[in-house]
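Observations on chain architecture
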Amino acid sequence: QRGEVTYYNEAPNGGKPGGRSRLSDGTKLDEIPRDALRIQAPKTPIKNLTGTPEEAEVNERTVRNLPKLAGELLERFSKGGVPTLATDAAKELLPEFKADPTGNDRIVANAGKAIRNAALDTVLSEPVRPGKDLVRVTTASPGSGKTTDQMSAAGERYGLQVEAISDEYRNFAALMRKIIDSGRTPVVEWIYVDEPGKTVERAARRAVGHDGRPGIGRMVQAKYMADAYHNVPRVLGQVAEDFGDQVKFVVVDNSGAPGEHTVHQGREALDRFIAQLEPRSYNEIRGEVDETLARLEREGLFRGDRGQAILAAARATDQGSSGGESGGSGARVQEGLGRSGGEVQGRPAPA
């Protein structure tokens, strides 16, 4: 929303920035001097996910325009001064994704992540606002309800919201460390769904459209849905063990019908919900994912050219990649799942 984002003023003779100015309704990002936007750029190049020339062109253009794109993400997805940063939202800034979200989702995936990361690093590089020391990190396997949850009220102490699929330990742990080192406290909110088939059906219906709502077109690969469903609880268990009280946990059980979720706070709740998924092997999860897609196809969900393109996207596999938001498929994830205790019911921000 306009008016929520500020930028550093240029200082004469190369001196330190002379204060900050707030974007107004009349401010255009391309009118702000590039040097005035103190956007924290990624320290590594954007990696190609699909290896296609089209993706390479998107990545090169994103690097050139990163200050403008990161500033635009912060402007568009901030409310009440609190940014909500997600890779999928960042993709919407790229023309290829807007033109064909079904066909071009993969070629913009890492560019979207780079935009989100630049915006995230920018926010974390600034001093903590008084009374806004918590960062809400929403995680789940695709189709669980992360985006819907991010739109809900998060509590007054939250100064930032981030979506991040905790499918790979190294990257998710690095995110926790980055937040902690900035002087903030991460509150990991896991959107739990008891059956992988439910997440697949939700993702498919969201892509195609349902209940009179148009579909978004974008569909997650079936392999990655299985990978993430298997890995997310294992990563969270390991993070809980390694970070202790430095990270707070909230579990939102979104297994039921819309609006029927329940909220549980604390490490004990996390461990209890992790334990419910422990018996599920990867092969069992992958089988349920594939069977759900096959059932939806038999029922006619993927009718027409658009539906078939969405189904093809679900069944595709990028070479050498699971296609996850975190960029991995569970490396360094221990098979043992964490335990320990202390639950408080309710939705207020953890103390």
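Computed from a predicted structure; not experimentally measured.

Within this structure, the stated rule accounts for two aromatic pairs. Note on Trp-190 and Tyr-192: the rings are 5.5 Å apart at their centroids and 85° apart in plane angle, and the pair reads as edge-to-face. The pair formed by Trp-190 and Tyr-192 is uniform in burial state, with each residue classed as buried. Here Tyr-192 and Phe-273 contribute two aromatic rings whose centre-to-centre distance is 4.8 Å and whose plane-to-plane angle is 65°, an arrangement assigned as edge-to-face.

Turning our attention to the packing of helix 9 (residues 196-208) against helix 12 (residues 282-298). One way to put it is that helix 9 packs onto helix 12 with a least axis distance of 8 Å and a crossing angle of 40°. Considering the angle they form, helix 9 stands oblique to helix 12. Taken as a pair, helix 9 and helix 12 cross one another with a handedness that is right-handed. Along its contact with helix 9, which presents Pro-196, Gly-197, Val-200, Glu-201, Ala-204 and Arg-205, the element helix 12 presents Ile-285, Glu-288, Val-289, Thr-292, Leu-293, Arg-295 and Leu-296. Here the residues of the contact of helix 9 with helix 12 are counted per class, giving seven nonpolar, two polar and four charged.

Taken as a whole, this structure holds 25 salt bridges when the rule is applied. Where Glu-297 meets Arg-315, a salt bridge forms, and the shortest distance between an N and an O atom there is 3.1 Å. Here Glu-297 is found in helix 12, whereas its partner Arg-315 is found in helix 13 (residues 304-315), with 18 residues between them in sequence. Exposure remark for Glu-297: the relative accessible area of 33% places this residue in the partly exposed category. For Arg-315, a relative accessible area of 44% gives the class partly exposed.

Our focus in this paragraph is the environment of Pro-186. Assignment of secondary structure puts Pro-186 in strand 7 (residues 185-192). Look at Pro-186 and you get buried, because its relative accessible area is 0%. Taking the C-alpha atoms as reference points, Pro-186 and Val-137, 49 residues apart in sequence, are found 6.6 Å from one another. Ignoring sequence-local partners within four residues, the contact set of Pro-186 consists of Val-135, Met-176, Ile-179, Ile-180, Gln-246, Val-247 and Lys-248.

Parameters and conventions
Residues numbered from 1 in each chain as written. Predicted model: local features only at pLDDT ≥ 70, side-chain atom pairs only at ≥ 80, totals over all residues. Heavy atoms only, no water. Phe/Tyr/Trp six-rings, centres within 6.5 Å; stacked < 30°, edge-to-face > 60°. Buried < 20%, exposed > 50% of the residue type's maximum accessible area, 1.4 Å probe, protein only. Axes fitted to C-alpha atoms, helices over the stretch in contact; angles between N-to-C directions. Helix = DSSP H or I, 4+ residues; strand = E, 2+ residues; numbered from the N terminus. Parallel < 35°, antiparallel > 145°, perpendicular 65-115°, else oblique. Left-handed = near helix turned anticlockwise from the far one by under 90°. Contact = heavy atoms within 4.5 Å. Nonpolar A, V, L, I, M, F, W, Y, C, P; charged D, E, K, R; others polar. Salt bridge = Lys/Arg side-chain N within 4 Å of Asp/Glu carboxyl O.

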